[in-house]
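Structure at a glance
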Amino acid sequence: MADRWLKANCLLASTVAFWLSALSPLPQIGKGISYSLALVASVQLVNESRRLIAQDARRAALTAMNQELEQVEIGLHTQQQEEALYEIYGAAPTYPPEVDRELKTSLEHLYKEPSADRADELQTSTSEKKALYLAVKSLIEVKGKTYVLEKVLCLSGGQWQKGEQILAQILEEGRQNEW
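First things first, this report covers the structure right here in the doc. Bear in mind the structure is a predicted one, so any value in this text is a computation, not a measurement. (Residues numbered from 1 in each chain as written. Predicted model: local features only at pLDDT ≥ 70, side-chain atom pairs only at ≥ 80, totals over all residues. Heavy atoms only, no water.)

**A look at the nonpolar core**
Judged by nonpolar contacts, the single largest core of 17 residues is most densely connected at Val136, Val148, Leu153, Leu167 and Ile170. At the level of secondary structure, the elements contributing two or more residues to this core comprise helix H3 (97-112), helix H5 (126-142), helix H6 (145-152) and helix H7 (160-176). Among the elements that take part in this core, H5 stands out by supplying six residues, more than any other. Ignoring anything within four residues of it in the chain, the contact list for Val136 reads Val148, Leu167, Ile170 and Leu171. (Core = buried A, V, L, I, M, F, W, Y, C linked by side-chain atoms within 4.5 Å. Buried < 20%, exposed > 50% of the residue type's maximum accessible area, 1.4 Å probe, protein only. Helix = DSSP H or I, 4+ residues; strand = E, 2+ residues; numbered from the N terminus. Contact = heavy atoms within 4.5 Å.)

Encoded structure:
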C-alpha cells in the first residue's frame, strides 16, 4: 500500500515539475516535450489514484464487514448464554401468547394488591379468575407452593390451612374450567 502512495506522490511531483519546466524559458521543442511528459504523468497519476481509491474502499468495506461479523458473533454468543441460563434455571417461556398475556396481567394485578386477603373480591369475573389461576399455577411451577401461600396469598403460620384451602379451590376451579 505504501508503494502505491509513493508512486502516486512521485507521479504528482513529476507532473508539477514538467509543467513548471514547460512554463520556463525553453525552446519550443523543450516546452512541447515538457507538456507531453506532464500530460503522460498526469494520466498515470489519475490511473494510480483510481487504484488507490478502489484499494481504500475495499479495505474500508472489509473493516466494516469484520466489525459487523464481530457484533453478530457477540450477539449470537450472548443469545446462546441466555438460552443456556434458561435451560439451567428452567425459566424458558413455553406459553402461547394469549396465556402469556393473561399471566402478565394477573401477576401485575397481584403485585398491585396490598394483600391477597380479599380473594373473594378478586374473583368477580371469569377473566380475572382465569388470570389468577394461570398466575398461581405458573408461580407454583417456578417458585413452589410455599412461596404462593406466603407471598401471594399472605397466609402463613396459623393461617396455613386456610391458605391451602384457597389454593386448592383456585386450582380446582381452573381444572374444572380447563384453563
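**Structural notes on the pattern of salt bridges**
Applying the stated criterion across every chain, the model contains six salt bridges. Of the charged contacts in the structure, one is a salt bridge between Glu48 and Lys7, with a shortest N-O distance of 3.7 Å. In this pair, Glu48 is assigned in helix H2 (residues 28-89) and Lys7 in helix H1 (residues 2-23), connecting sequence segments 41 residues apart. On the basis of relative accessible area, Lys7 is assigned to the partly exposed category, the value being 45%. (Salt bridge = Lys/Arg side-chain N within 4 Å of Asp/Glu carboxyl O.)

**Brief notes about H6**
When we look at burial in H6, the residues that qualify are Val148, Leu149 and Val152. Down the axis, H6 shows its buried residues gathered within 115° of arc, on one side only. Two residues or fewer after H6 comes Cys154, characterised by a positive phi angle close to 55°. (Arc of directions from axis to C-beta.)

**A closer look at the packing of H5 against H7**
The interhelical angle for the contact between H5 and H7, taken along N-to-C directions, is 115°, at an axis separation of 9 Å. With respect to their mutual orientation, H5 and H7 come out roughly perpendicular. Viewed along their axes, H5 and H7 form a crossing whose handedness is left-handed. Residues Lys129, Leu132, Tyr133, Val136 and Ile140 of H5 touch H7, and the partners they reach there are Leu167, Ile170, Leu171, Glu173, Gly174 and Arg175. Here the residues of the contact of H5 with H7 sort into seven nonpolar, one polar and three charged. (Axes fitted to C-alpha atoms, helices over the stretch in contact; angles between N-to-C directions. Parallel < 35°, antiparallel > 145°, perpendicular 65-115°, else oblique. Left-handed = near helix turned anticlockwise from the far one by under 90°. Nonpolar A, V, L, I, M, F, W, Y, C, P; charged D, E, K, R; others polar.)

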